[in-house]
Amino acid sequence: MDPHLLLRQPEPRIHPTAELKGCRLGRYCVVAERAILRDVTVGDFSYFERHAEAAYTGIGKFCSIAANTRLNALEHPLERITTHKVSYRPNEFFRGLGVDSGFLERRRGRPVTIGHDVWIGHGAVVLPGVAIGNGAVVGANAVVTRDVEPFTIVAGVPARRLRRRFSAEIAARIEALAWWHWPLETLAEAIPDMQALRIEDFLVRWEEQRQV
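Residues numbered from 1 in each chain as written. Predicted model: local features only at pLDDT ≥ 70, side-chain atom pairs only at ≥ 80, totals over all residues. Heavy atoms only, no water.

A. Structural view of the sheet that holds strand β14 (residues 137-138). Spatially, eight strands are ordered β1-β4-β6-β8-β11-β14-β16-β17 in an open sheet, and the strand pairing comes out mixed. On the outer flanks of this sheet lie β1 (13-14) and β17 (160-164), each paired with one strand and no other. Bridge analysis of strand β11 (residues 119-120) against β14 gives two bridges, and the strand direction is parallel. The residue bridging isoleucine 120 from the neighbouring strand is valine 138, located in β14. (Pairing = 2+ DSSP bridges. Helix = DSSP H or I, 4+ residues; strand = E, 2+ residues; numbered from the N terminus.)

Laid out in structure tokens, this is it:
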């Protein structure tokens, strides 16, 4: 099967109102209107809906980032006499005073890491330094303050685990199958089974297929 018969061109689609700086986007990515990305790496097929923002973040493949989300929300220096940006971006107000490079490096040193097939719900906020595992789901308007385990659903402020999507055994089998790395031809062939089969049946069929 020729994947080019099925898919649009692999170049990312970026809305003209989106703002990107220092980013690397994979194939078939989409960045919607007024999204703002700074120093973000995005895997194949992942997409950002409108007004999403991210900074210093690594994102895997097949991730769904909803509207009005914020990945690696801006940190302010709580330990200083002021949290205002006059202390770390004084160049915006005073001539001859530059950006606080130490504070900038502090921000870069606490990246957010998001695995493959992660769904970040509408309006969710992920704080600096958080890692979210493969297959996880973050509920709408959640504030994620700590790491999220793979295939886990979290919600609330601060975000807490609601439940696992699958049993530990099923989750481990999905991780081992790593469908997000499949060639496009294989993925296209598997999509009808993704739609029709129970997860257990899908795994049995495609574990066998991948061993052939």
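We are not done yet, so read on.
B. Local environment of the pairing of β17. As paired elements, strand β16 (residues 152-155) and β17 share four bridges and run antiparallel to each other. Residue pairing in the sheet places alanine 155 in a bridge with arginine 160 of β17. The antiparallel pairing of β16 with β17 creates a hairpin that spans four residues between the two strands, and glycine 156 there sits at a positive phi of about 105 degrees.

C. Representation of a nonpolar patch on the surface within the structure. On the surface, Val86, Phe93, Phe94 and Leu97 cluster together into a nonpolar patch covering about 360 Å² of accessible area. Tracing the backbone through its elements, the reader meets phenylalanine 93 in the loop between β9 (70-71) and α1 (101-108). (Patch = residues over 30% accessible without salt bridge, like charges linked within 9 Å, V, L, I, M, F, W, Y side chains within 5 Å. Areas by Shrake-Rupley, 256 points an atom, 1.4 Å probe, with all protein chains shown as cover. Salt bridge = Lys/Arg side-chain N within 4 Å of Asp/Glu carboxyl O.)

D. Looking closely at unusual backbone geometry. Here the bond from valine 157 into proline 158 is cis, since omega is -10 degrees, no more than 30 degrees from zero. Within the fold, proline 158 resides in the loop between β16 and β17. Despite not being glycine, tyrosine 28 shows a phi value in the positive range, around 65 degrees. With phi around 45 degrees, tyrosine 56 is a residue other than glycine that occupies positive phi space.

E. Examining the pairing of strand β7 (residues 53-59) more closely. Burial runs high along β7: five of the seven residues are buried. For strand β5 (residues 36-42) and β7, the ladder comprises six bridges, and the chain directions are parallel. When the sheet's bridge partners are listed, valine 40 is paired in β7 with threonine 57. Inspection of the sheet shows β7 paired to strand β10 (residues 112-114) by three bridges, in the parallel sense. Across the sheet, threonine 57 pairs through a bridge with valine 112, a residue of β10. (Buried < 20%, exposed > 50% of the residue type's maximum accessible area, 1.4 Å probe, protein only.)

F. Broad picture of the layout of surface pockets. Roughly 580 Å³ of internal volume is contained in the largest pocket. Lining the largest pocket we find 21 residues, and of these Arg38, Ala55, Tyr56, Leu74 and Arg89 sit closest to its centre. Of the residues contributing to the lining of the largest pocket, the split by class is 10 nonpolar, no polar and 11 charged. Empty space within the second largest pocket amounts to approximately 270 Å³. Residue lining of the second largest pocket: 14 residues in total, with Asp117, Arg165, Trp179, Met194 and Ile199 positioned closest to the centre. Of all the secondary structure elements, the ones that give two or more residues to the lining of the second largest pocket are α2 (168-177), α3 (184-196) and α4 (199-211). (1 Å grid on protein atoms, 1.4 Å probe; cavity = no way out; pocket = protein on both sides within 12 Å on 5 of 7 lines; lining within 4 Å. Points joined across faces, edges and corners; volume = space filled by probe spheres on them. Nonpolar A, V, L, I, M, F, W, Y, C, P; charged D, E, K, R; others polar.)

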